[in-house]
Amino acid sequence: MAANQERTFIAIKPDGVQRGLIGDIIKRFEQKGFRLVAMKFVQASEELLKQHYIDLKDRPFYAGLVKYMGSGPVVPMVWEGLNVVKTGRVMLGETNPADSKPGTIRGDYCIQVGRNIIHGSDSVESAKKEIALWFKDEELSDYKSSAYEWVYEN
């Protein structure tokens, strides 16, 4: 990974999968210039989801969130690029779709917070933890995109 690059964890939730939005979401990150370095299509275990959302365990919606996230397949991904964590969060929009601007993923595809179709790491530290939770090191690809010079200045 280049010195000016970072990685983020993005997961398409069961509602995004069921609504057929996987390709549209991937396309947005690709068109922005970010590089996909890992992706799965999985039915997450309750244990994995409890660990992923451990920081929310004392919130009243925690049990429902874990149950919902386990209700269908999800698409966890790792994206790489300059400021990808911050930019990825901007691309997602606000957690509550009603507060999201048109042009963001949630602003364009969502109505309610409980069906906001996508998760994105909120910090570089969170991204590292989430990536390690969902992916083994050998599942992360390290390659140079042929478009790199067309996205970044040298």
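Refer to the structure printed above.
What comes next concerns the included structure. Note that this is a predicted model, so its numbers are computed, not measured. All residue numbers here refer to positions counted from 1 along the written sequence of the relevant chain. A pLDDT threshold of at least 70 governs which residues receive local features in this predicted model, and a stricter bar of 80 or more applies before side-chain atom pairs are shown or counted, although totals over entire chains, interfaces and linings include all residues. The basis for every side-chain value is the complete set of non-hydrogen atoms in the structure, without hydrogens or water.

1. Side note on unusual backbone geometry
Point 1. Phi angles above zero are rare outside glycine, and Asn83 is one such case at about 55 degrees.
Point 2. Helix numbers and strand numbers start at the N terminus; a helix is a DSSP run of H or I with at least 4 residues, a strand a run of E with at least 2. With respect to the secondary-structure elements, Asn83 resides in the loop between strand E3 (75–81) and helix H5 (84–92).
Point 3. Under the scheme applied here, a residue whose accessible area is under 20% of the maximum for its type counts as buried, over 50% as exposed, and between as partly exposed, the area being computed with a 1.4 Å probe on protein chains only. For Asn83, a relative accessible area of 43% translates into the label partly exposed.
Point 4. Residues other than glycine seldom take positive phi values, yet Ile117 does so here, at roughly 55 degrees.

2. Here we look at helix H4 (residues 62–69)
Point 1. Those residues of H4 that sit buried are Tyr62, Leu65, Val66, Tyr68 and Met69. Buried residues of H4, seen end-on, are gathered within an arc of 165 degrees and therefore sit on one face of the element. Within H4, the exposed residues directed more than 90 degrees away from the buried face are Ala63 and Lys67.
Point 2. Contacts from the buried residues of H4 go to helix H1 (14–18) and helix H3 (46–52). The directions considered for the arc run from the helix axis to the C-beta atoms. Here, two residues are considered to be in contact whenever any of their heavy atoms come within 4.5 Å of each other.

3. A closer look at the environment of Lys129
Point 1. In this fold, Lys129 is placed in helix H7 (residues 124–134).
Point 2. On the accessibility criterion, Lys129 (64% relative accessible area) is exposed.

4. Observations concerning the sheet that holds strand E1 (residues 6–12)
Point 1. The sheet built from four strands is open, its strands ordered E2-E3-E1-E4 with antiparallel pairing. Strand pairing shows two members of the sheet lacking a second neighbour, strand E2 (35–39) and strand E4 (118–120), which therefore form its edges. The mean angle between the axes of side-by-side strands here comes to 25 degrees, regardless of whether they run parallel or antiparallel.
Point 2. As paired elements, E2 and E3 share four bridges and run antiparallel to each other. Bridge assignment links Leu36 to a residue of E3, and that residue is Trp79.
Point 3. Here the axes come from fitting lines to C-alpha atoms, over the contacting stretch only for helices, and the angles between their N-to-C directions go from 0 to 180 degrees. Sheet contacts for helix H2 (residues 22–32): E1, E2, E3 and E4; angle to E3, the most-contacted strand, approximately 10 degrees.
Point 4. H7 contacts E1, E3 and E4 of the sheet and is inclined by roughly 60 degrees relative to E1. Pairing between two strands is assigned when DSSP locates at least 2 bridges connecting them.

5. As for the side chain of His119
Point 1. As for its placement among the helices and strands, His119 is situated in strand E4.
Point 2. His119 sits in the buried class, given a relative accessible area of 13%.
Point 3. The term polar contact refers here to a pair of N or O atoms within 3.5 Å; inside protein, the definition further demands a hydrogen-donor-capable atom paired with an acceptor-capable atom, and it admits residues adjacent in sequence only when both atoms are side-chain atoms. Among the polar contacts listed, one links the side chain of His119 to the side chain of His52, at a separation of 3.5 Å.
Point 4. With near-sequence residues (within four places) excluded, His119 lies in contact with Phe9, Ile10, Ala11, Lys13, His52, Tyr53, Leu92, Arg106 and Glu130.

6. Here we look at the pattern of salt bridges
Point 1. Whenever Lys or Arg places a side-chain nitrogen within 4 Å of a carboxyl oxygen from Asp or Glu, that contact is recorded as a salt bridge. All chains considered together, the criterion is met by six salt bridges.
Point 2. Residues Arg28 and Asp108 are paired through a salt bridge, measuring 2.7 Å at the closest nitrogen-oxygen approach. Highlighted residues: Arg28 in helix H2 and Asp108 in helix H6 (residues 105–109), separated in sequence by 80 residues.
Point 3. Taking relative accessible area as the criterion, Arg28 reaches 21% and is therefore assigned partly exposed.
Point 4. Glu46 serves as the salt-bridge partner of Lys50, at 3.1 Å between the closest nitrogen and oxygen. Within this pair, Lys50 and its partner Glu46 are both found in helix H3, separated by four residues, close to a single helical turn.
Point 5. The network of salt bridges with common partners includes Arg7, Arg35 and Glu80.

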